[in-house]
Amino acid sequence: MTEIVLEDEPAVRTRTIKRHPQEAFDSMRTAGRLAAECLDMISAHVAPGVTTQALDDLIRAFVFDHNALSATIGYRGYRHASCISLNHVICHGIPGPKPLKKGDILNIDVAVVVDGWHGDTSRMFCAGEPKVKARRLVDTTYDAMMAGVNAVRPGATFRDIGRAIQTRAESEGFSVVRDFCGHGIGQIFHDTPNVVHYAEYKDRFGAVHQAPDIRLEPGMFFTIEPMINEGRPDVKFLKDGWTAVARDKSLSAQFEHSVGVTETGVEIFTLSPAGLHKPPYA
């Protein structure tokens, strides 16, 4: 689940970036694998005519059947086991009775809790065959996320992650959403640091904003989850208090992995056991 930049959770969030011990990697592998298996399961059910609420019901049942908890049910009053964001919805789409249409693209975001540890991941799905530009947006977003993941290593910085993502997305003419970011994760759902998906940009007033130049160290856990828009990066929030959409109504896509910094590079905790990392999914 994506976190709004600068949003705080004072009851649980810490002010420093944790460096977790080696045994914590085992716990994150378990939680991350279950979250990935949940998305593997749902891939067979995404099709025209299926409602997003039906998909959420399947996700809820899967999580509980595996003796885990959903991190999103009850989170700040949220009542669903997933966020499902269609077409021009950037993130935090609420499952409902609307059926999918042929050619829809959608992000499904799940977060599970296993023995107190969080697994958080999302993937793009297609209801039938998408249009060419939608497919290119989805593929580019996946590549941008993986560029960010591959930039993770001890001694690199969070700005390096953002630069890799921004470079890949903008090379295809797309834009990086700036209003949301990744986050620290572990025994806390949304922890320090905020992980922005750009290196720098100028706002409409000409002010330059840069990603933090904080160095990565072994034992840091966080999510990388860029949202990439077909058009401009501007966001509009709907009255439900959750749903964020592209202001220009252009298509938007997102992928998310939970990762840990190792002594030599990066470990992805939320890889698909079935190899279903990006569409098209068998």
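As the structure is a prediction and not an experimental result, all values here were calculated from the model.

## Description of the overall build of the chain
And then number 1: Summing up its helical and strand segments, the chain has 4 helices and 18 strands in all.
And then number 2: Computed over its C-alpha atoms, the radius of gyration of the chain comes to 17 Å, within 12% of the 19 Å expected for a compact globule of 282 residues.
And then number 3: With the C-alpha coordinates aligned to their principal axes, the bounding extent of the chain is approximately 50 × 45 × 35 Å.
And then number 4: Looking at the chain as a whole, 57% of its 282 residues are labelled buried.
And then number 5: A separation of at least 24 residues holds for 72% of the contacts in the chain among residues at least 6 apart in sequence.
And then number 6: Between the averaged position of the 31 positive side-chain charges in the chain and that of its 35 negative side-chain charges there is a distance of 7 Å.

## Structural notes on unusual backbone geometry
And then number 1: Between Thr192 and Pro193 the backbone carries a cis peptide bond, its omega angle lying at 15°.
And then number 2: Relative to the elements of secondary structure, Pro193 occurs in strand β9 (residues 191-195).

## A few points about the pattern of salt bridges
And then number 1: One pass over the full model with this rule turns up 15 salt bridges.
And then number 2: Residues Asp40 and Arg123 are paired through a salt bridge, measuring 2.8 Å at the closest nitrogen-oxygen approach. Taken together, the residues span a long stretch of sequence, with Asp40 in helix α1 (residues 22-43) and Arg123 in strand β6 (residues 117-126) at a distance of 83 residues. Neither residue differs from the other here; Asp40 and Arg123 are each classed as buried.

## A closer look at the sheet that holds strand β15 (residues 244-246)
And then number 1: Read across the sheet, 3 strands follow the order β4-β15-β14 without closing on themselves; strand pairing throughout is antiparallel. Two strands close off the open sheet at either side, each with one partner strand: β4 (89-91) and β14 (235-237). When strand polarity is set aside, the average angle formed by the axes of neighbouring strands in this sheet is 40°.
And then number 2: Inspection of the sheet shows β14 paired to β15 by 3 bridges, in the antiparallel sense. Paired with Phe237 across the bridge in β15 is Ala244.

## Brief notes about the side chain of Thr72
And then number 1: With respect to the element layout, Thr72 can be found in the loop between β2 (69-70) and β3 (83-86).
And then number 2: Using a relative accessible area of 1% as the deciding quantity, one classes Thr72 as buried.

## Describing helix α3 (residues 132-150)
And then number 1: The end-to-end C-alpha distance of α3, which contains 19 residues, comes to 27 Å, matching closely the 27 Å that a straight helix rising 1.5 Å per residue would cover.
And then number 2: Listed in full, the buried residues belonging to α3 are Ala134, Arg135, Leu137, Val138, Thr140, Thr141, Tyr142, Ala144, Met145, Met146, Gly148 and Val149.

## A closer look at the nonpolar core
And then number 1: Ranked by size, the top nonpolar core spans 31 residues in total, and within it Ile161, Leu216, Phe222 and Ile224 carry the most contacts.
And then number 2: Of all the elements in the fold, those that place two or more residues in this core are β6, α3, α4 (158-171), β12 (221-224) and β17 (257-261).
And then number 3: The greatest single-element share of this core, amounting to 8 residues, is contributed by α3.
And then number 4: In contact with Ile161, other than residues within four places in its own chain, are Gly148, Ala151, Val152, Leu216, Phe222 and Ile224.
And then number 5: Membership of the second largest hydrophobic core comes to 30 residues, among which are Leu34, Leu39, Phe62 and Phe221.

## Examining the environment of Phe237
And then number 1: Assignment of secondary structure puts Phe237 in strand β14.
And then number 2: The spatial distance from the C-alpha of Phe237 to the C-alpha of Val89 is 9.7 Å, given a sequence separation of 148 residues.

## A few points about the packing of α3 against α4
Relative placement of two packed helices is described by the angle separating their axes and the distance separating the axes.
And then number 1: Following both chains from N to C, one finds α3 and α4 inclined at 155°, their axes separated by 7 Å at the closest point. Taken together, α3 and α4 sit at an angle that is classed as roughly antiparallel. In the packing of α3 onto α4, the handedness of the crossing is right-handed. Residues Thr140, Asp143, Ala144, Ala147 and Gly148 of α3 touch α4, and the partners they reach there are Ile161, Ala164, Ile165, Arg168 and Ala169.
And then number 2: Considering only residue class, the contact of α3 with α4 consists of 6 nonpolar, 2 polar and 2 charged.

## Concerning a positive patch on the surface
And then number 1: A surface patch of like charges, here positive, comprises Lys236, Lys239, Arg247 and Lys249.
And then number 2: Turning to its location among the elements, Lys249 is positioned in the loop between β15 and β16 (252-254).
And then number 3: Look at Lys249 and you get exposed, because its relative accessible area is 68%.

## A few points about the sheet that holds strand β7 (residues 175-176)
And then number 1: If you walk across this open sheet you meet the 3 strands as β7-β13-β16, and the pairing is antiparallel. The sheet is open, and its two borders are formed by β7 and β16, each paired with just one other strand.
And then number 2: Of the pairings in the sheet, the one linking strand β13 (residues 227-229) to β16 comprises 3 bridges and is antiparallel in character. Paired with Met227 across the bridge in β16 is Gln254.
And then number 3: Across the face of the sheet, α3 comes into contact with β13 and β16 while running at roughly 35° to β16.

Rules behind the numbers
- Residues numbered from 1 in each chain as written.
- Predicted model: local features only at pLDDT ≥ 70, side-chain atom pairs only at ≥ 80, totals over all residues.
- Heavy atoms only, no water.
- Helix = DSSP H or I, 4+ residues; strand = E, 2+ residues; numbered from the N terminus.
- Rg over C-alpha atoms; globule rule 2.2 N^0.38 Å.
- Buried < 20%, exposed > 50% of the residue type's maximum accessible area, 1.4 Å probe, protein only.
- Contact = heavy atoms within 4.5 Å.
- Lys, Arg positive; Asp, Glu negative; His and termini not counted.
- Charge placed at Lys NZ, Arg CZ, Asp CG, Glu CD.
- Salt bridge = Lys/Arg side-chain N within 4 Å of Asp/Glu carboxyl O.
- Pairing = 2+ DSSP bridges.
- Axes fitted to C-alpha atoms, helices over the stretch in contact; angles between N-to-C directions.
- Expected span 1.5 Å × (residues − 1).
- Core = buried A, V, L, I, M, F, W, Y, C linked by side-chain atoms within 4.5 Å.
- Parallel < 35°, antiparallel > 145°, perpendicular 65-115°, else oblique.
- Left-handed = near helix turned anticlockwise from the far one by under 90°.
- Nonpolar A, V, L, I, M, F, W, Y, C, P; charged D, E, K, R; others polar.
- Patch = residues over 30% accessible without salt bridge, like charges linked within 9 Å, V, L, I, M, F, W, Y side chains within 5 Å.
- Areas by Shrake-Rupley, 256 points an atom, 1.4 Å probe, with all protein chains shown as cover.

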